[in-house]
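Understanding the architecture of this molecule
The lines below spell out each chain.
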Amino acid sequence: MAFKSKIKWVALFVLTLSLGSLTVHLSLTKFSSMNLVQYSAKEALSHDFPYIGSPVGRNKRLWGAVRSLESLQPYANPRNGYPVPGKTSNGFIYAKIFGGFEKIRSSICDLVTISRLLNATLVIPEIQESTRSKGISYKFKSFSYLYDEEQFIASLKNDVNIIKSLPEYFKSARRRSEFPTFKPKSSASPNYYVKEILPSLKKAKVVGLIIMDGACLQPILPPILSEFQRLRCRVAFHALQFRPEIQILGLRMVERLRAWGQPFLAYHPGLVRDTLAYHGSAELFQDVHTELIQYRREQMIKQGIVNDELSVESHIRRENGSCPLMPEEVGLLLRAMGYPSNTIIYVAGSQTFGGQRLLIPLRAMFANVVDRTSLCSKMELSDLVGPETPLPPDVFKMPNPKSEEQLKEEWNRAGPRPRPLPPPPDRPVYQHEKEGWYAWITENDKEPNPSPMDLRMQAHRLLWDALDYIVSVEADAFFPGFHSDGSRWPDFSGLVIGQRLYERASSRTYRPDRKKIAELFNVIRDDMYHPKRNWILSAREHLNRSLSEEGLIRQSLLSKPTSFLSHPIPECSCRISSVEITKPIKGKDGRILFGGEPECPKWMQSARAEKARTNETEPAEDENDVPEQLEPDVISSLTSLIDHDEEWDPND
């Protein structure tokens with residue numbers, strides 16, 4: 001009896017301790033939860049860089065300009081024999097442009113060039129991504145939703161006659177479809193427009209164009225049409241300015257990134273559904289995303305865009321360099337280059353196929369990964385969109401329940417006994433399953449038409465891509481996950497690379513060879529996070545070469561035949577006279593790949609010399625330079641920011 005009573009007292013004591021421990025833990029949880037703060041990218045940046053605006057010496061190896069390209073300067077002005085368009089023209093050209101941000105920008109440049117070629121008056125083109133969206137802001141038309149109309153017309157007044165709309169006596173005839181309409185193929189030749197469209201233009205005085213593939217004129221024109229290539233540059237890099245609200249917010253984002261006193265790198269993943277489907281990269285993903293890519297690839301095969309089999313081995317396409325680099329691979333390459341873990345990385349792109357989960361490895365390697373939602377408030381983004389007509393609520397309705405008579409009739413039609421058990425009750429349909437672009441894949445075999453909300457989001461993506469474009473062009477370094485390498489349509493990174501090459505050829509713009517990168521990763525695929533010193537040096541050597549002439553030559557060979565704006569040299573550049581004279585490098589077809597740029601005008605030479613004298617008076621930047629006015633403890637903390645990770649520095 002005494003033994004049993006002792007056990008009872010011990011059990012009671014243990015139970016009392018358990019209740020007391022539970023009470024303490026619940027109270028601690030209650031008080032600690034009151035101090036939880038939602039994660040904010042700005043607060044994370046302030047933690048890593050506490051001295052806002054303090055100048056920090058840059059590591060020249062990571063952020064310095066490419067010296068071999070410093071003599072290249074933008075010069076797209078007309079040369080000899082380029083008359084101003086006359087008042088009389090052969091007629092009017094109006095156009096409808098389908099596609100996203102990249103196709104719109106390339107198509108507008110081609111339209112202006114075609115109008116000049118045919119001596120036609122261009123009507124401001126209609127951007128279908130904005131006109132298809134019902135209820136966008138009444139403040140904007142289709143073109144002005146993205147670009148500044150007045151700037152566009154004024155900048156090209158010496159090149160092409162441009163009007164905002166057709167004259168009144170032509171509008172009614174257009175509504176009745178009385179004018180001929182053409183749908184030119186991608187990369188059509190100038191002869192097509194001169195022989196096929198010009199006679200109809202002279203006869204009807206109005207011609208319509210429907211542009212689907214983003215490039216309605218061949219990228220490489222004969223040398224006799226070199227002035228038309230420079231016209232493309234003037235359109236893309238000078239006339240096509242975003243509307244003021246977009247420019248102001250985009251430059252404000254750049255200022256917020258530079259306010260921490262640190263350089264930043266822009267990265268565009270390039271994970272777009274059309275790109276993945278075109279190159280057969282479905283197996284890089286899993287589950288529903290693979291099915292969505294294959295469905296889109298099947299559509300491309302039926303439309304004649306893809307002349308290949310539906311099912312291909314994605315790992316072979318990756319080894320060929322056709323598939324985009326995954327964010328995890330980009331993070332490992334940046335670490336191999338020596339970028340520290342606190343490097344500010346801006347992720348561009350209005351959407352990343354596969355979702356934010358693909359960026360988790362990159363965020364694990366670099367803490368300061370931000371995007372437009374991190375730098376802009378919801379109010380700023382909504383002001384950019386403007387007032388919109390509210391859409392009717394999409395109320396989901398469950399199917400009507402079957403009556404007792406219907407159930408009996410189905411039971412009688414079920415066939416002879418033994419009959420199977422009745423089906424279980426329907427599973428409840430949750431909200432996240434009936435919303436989003438992926439919901440149809442589980443119930444339908446055919447992708448439904450976009451809903452009004454989907455069309456509106458497509459229009460919004462034009463604005464988000466415009467903001468990302470501004471930040472990417474102004475970034476201290478740019479790394480593409482996928483860029484133009486022979487695919488049929490232009491891509492975001494290709495346009496960014498082209499504009500950075502035009503404006504500042506010496507800026508750090510990486511042009512990785514994805515085939516070479518795949519070979520490098522195949523060596524360490526089983527141990528990617530602990531590469532050997534030789535692998536790091538090989539990756540670093542390849543990326544450094546992609547910054548200079550070798551990368552430009554490869555870009556000219558692969559990208560320029562499909563997108564001139566991705567490589568607008570030597571037509572749209574000149575070279576400051578220097579001791580080193582670059583000899584022109586020609587391809588097998590005789591086309592100049594690099595070099596051969598004419599000497600810049602004298603006024604550009606003098607401005608360059610004045611800038612060089614200004615730079616000589618300023619203290620030279622070095623990777624070990626630290627401002628003298630800072631305290632010793634601050635100096636040590638700033639020095640630690642630019643040091644390499646011990647595990648990744650091959651010089652340790």
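As annotated in an unreviewed UniProt entry, the protein chain is O-fucosyltransferase family protein from Gossypium trilobum. Among the UniProt annotations of the protein chain, the heading Sequence similarities (unreviewed entry) holds the following wording: "Belongs to the glycosyltransferase GT106 family." Recorded in UniProt for the protein chain, the comment headed Subcellular location (unreviewed entry) runs: "Membrane".

Scanning the protein chain from N- to C-terminus turns up 25 helices and 15 strands. Burial statistics for the protein chain: of 652 residues in total, 48% are counted as buried. When contacts within the protein chain are restricted to residue pairs at least 6 apart in sequence, long-range pairs at least 24 apart make up 80% of them. Within the structure as shown, the protein chain displays about 34,800 Å² of accessible surface, and the carbon and sulfur contribution to it stands at 55%.

In this description, an aromatic ring pair is defined by two values, namely the gap between the centres and the angle between the planes. This structure, assessed with the given rule, holds 18 aromatic pairs. Arranged with centres 6.0 Å apart and planes meeting at 75°, the rings of Phe-140 and Tyr-145 form a pair that is edge-to-face. Like Tyr-145, Phe-140 is buried. Each ring, one from Phe-237 and one from Tyr-502, has its centre 4.6 Å from the other, and the planes form 20°; the classification is stacked. Within this pair, whereas Phe-237 is found in helix H9 (residues 226–239), its partner Tyr-502 is found in helix H20 (residues 492–503), the two being separated by 265 residues in sequence. Taken together, the ring pairs in this structure connect Phe-101, Phe-143, Tyr-147, Phe-152, Phe-242, Tyr-469 and Phe-492 into an aromatic cluster. Above the face of the Tyr-82 ring, Arg-116 is positioned so that its terminal group lies 4.1 Å from the ring centre.

What follows deals with the sheet that holds strand S8 (residues 264–268). Here we have five strands laid out as an open sheet, ordered S10-S9-S8-S11-S12, and parallel in their pairing. This sheet does not close on itself; its edge strands, each paired only once, are strand S10 (369–370) and strand S12 (508–509). Here S8 pairs with strand S11 (residues 477–480) via four bridges, running parallel. Within S11, the position partnered with Tyr-267 by the bridge is Phe-479.

What follows deals with unusual backbone geometry. The residue after Ile-569, namely Pro-570, is reached through a cis peptide bond having omega 10°. By the secondary structure assignment, Pro-570 is in the loop between helix H23 (549–558) and strand S13 (573–575). At Ser-177, a residue that is not glycine, the phi angle is positive and equals roughly 60°. Position of Ser-177 among the secondary structure elements: in the loop between helix H7 (168–175) and strand S6 (181–182). The exposed category is assigned to Ser-177, whose relative accessible area is 61%.

Tracing the backbone through its elements, the reader meets His-483 in the loop between S11 and H20. Its relative accessible area of 1% is what places His-483 among the buried residues. When neighbours within four sequence positions are excluded, His-483 is seen to be in contact with Asp-491, Ser-493, Gly-494, Ile-497, Arg-511, Pro-512, Arg-514, Arg-554 and Gln-555.

Our next topic: helix H12 (residues 287–303). For H12, built from 17 residues, the straight-helix expectation of 24 Å at 1.5 Å per residue is met to within 8% by its first-to-last C-alpha distance of 25 Å. Regarding H12, the residues found buried are His-289, Leu-292, Ile-293, Gln-294, Tyr-295, Arg-296, Arg-297 and Met-300. In this fold, the buried residues of H12 make contact with helix H11 (273–279) and helix H13 (314–319). Once H12 ends, the next one or two residues include Gly-304, with phi positive near 85°.

When you line up the elements, Leu-537 lands in helix H22 (residues 533–547). Sequence-wise, Leu-537 and Met-337 are 200 residues apart; in three dimensions their C-alpha atoms are separated by 8.5 Å.

Evaluated as defined, the whole model comprises two disulfides. Cys-233 shares a disulfide with Cys-572; S-S distance 2.0 Å. Between Cys-233 and Cys-572, the S-S torsion sits near 85°, and that sign places the bridge as right-handed. Residue Cys-233 is found in helix H9, and its partner Cys-572 is found in the loop between H23 and S13; the two are separated by 339 residues along the sequence. Judged by relative accessible area, which is 0%, Cys-572 ranks as buried. Between the sulfur atoms of Cys-574 and its disulfide partner Cys-600 the distance amounts to 2.0 Å. Measuring the twist about the S-S bond at about 95°, one finds the Cys-574-Cys-600 disulfide to be right-handed. Placement of Cys-574 in strand S13 and of Cys-600 in the loop between strand S15 (592–594) and helix H24 (602–617) is noted, with a sequence separation of 26 residues between them.

Contact pair helix H14 (residues 327–337) / H22: the axes reach a minimum separation of 9 Å and the direction vectors enclose 95°. In terms of their interaxial angle, H14 and H22 are classed as roughly perpendicular. For the pair H14 and H22, the contacting residues are Leu-333, Ala-336 and Met-337 in the first and Trp-535, Ile-536, Ala-539, Arg-540, Leu-543 and Asn-544 in the second. Counted by class, the contact of H14 with H22 contains seven nonpolar, one polar and one charged residues.

So, about the packing of helix H17 (residues 378–385) against helix H19 (residues 452–474). A packed helix pair is summarised by two numbers, namely the angle formed by the two axes and the spacing between the axes. At a minimum axis separation of 10 Å, H17 and H19 run at an interaxial angle of 115°. Like other packed secondary-structure pairs, H17 and H19 cross with a definite hand, here right-handed. For the pair H17 and H19, contact is made by Leu-381, Leu-384 and Val-385 and by His-460, Leu-463, Trp-464 and Leu-467, respectively. Looking at side-chain class alone, the contact of H17 with H19 contains six nonpolar, one polar and no charged residues.

Definitions and limits used
- Residues numbered from 1 in each chain as written.
- Predicted model: local features only at pLDDT ≥ 70, side-chain atom pairs only at ≥ 80, totals over all residues.
- Heavy atoms only, no water.
- UniProt positions renumbered as here; feature names shortened; annotations may be inferred.
- Helix = DSSP H or I, 4+ residues; strand = E, 2+ residues; numbered from the N terminus.
- Buried < 20%, exposed > 50% of the residue type's maximum accessible area, 1.4 Å probe, protein only.
- Contact = heavy atoms within 4.5 Å.
- Areas by Shrake-Rupley, 256 points an atom, 1.4 Å probe, with all protein chains shown as cover.
- Phe/Tyr/Trp six-rings, centres within 6.5 Å; stacked < 30°, edge-to-face > 60°.
- Lys NZ or Arg CZ within 6 Å of the ring centre and 35° of its normal.
- Pairing = 2+ DSSP bridges.
- Expected span 1.5 Å × (residues − 1).
- Disulfide = S-S within 2.5 Å.
- Axes fitted to C-alpha atoms, helices over the stretch in contact; angles between N-to-C directions.
- Parallel < 35°, antiparallel > 145°, perpendicular 65-115°, else oblique.
- Nonpolar A, V, L, I, M, F, W, Y, C, P; charged D, E, K, R; others polar.
- Left-handed = near helix turned anticlockwise from the far one by under 90°.

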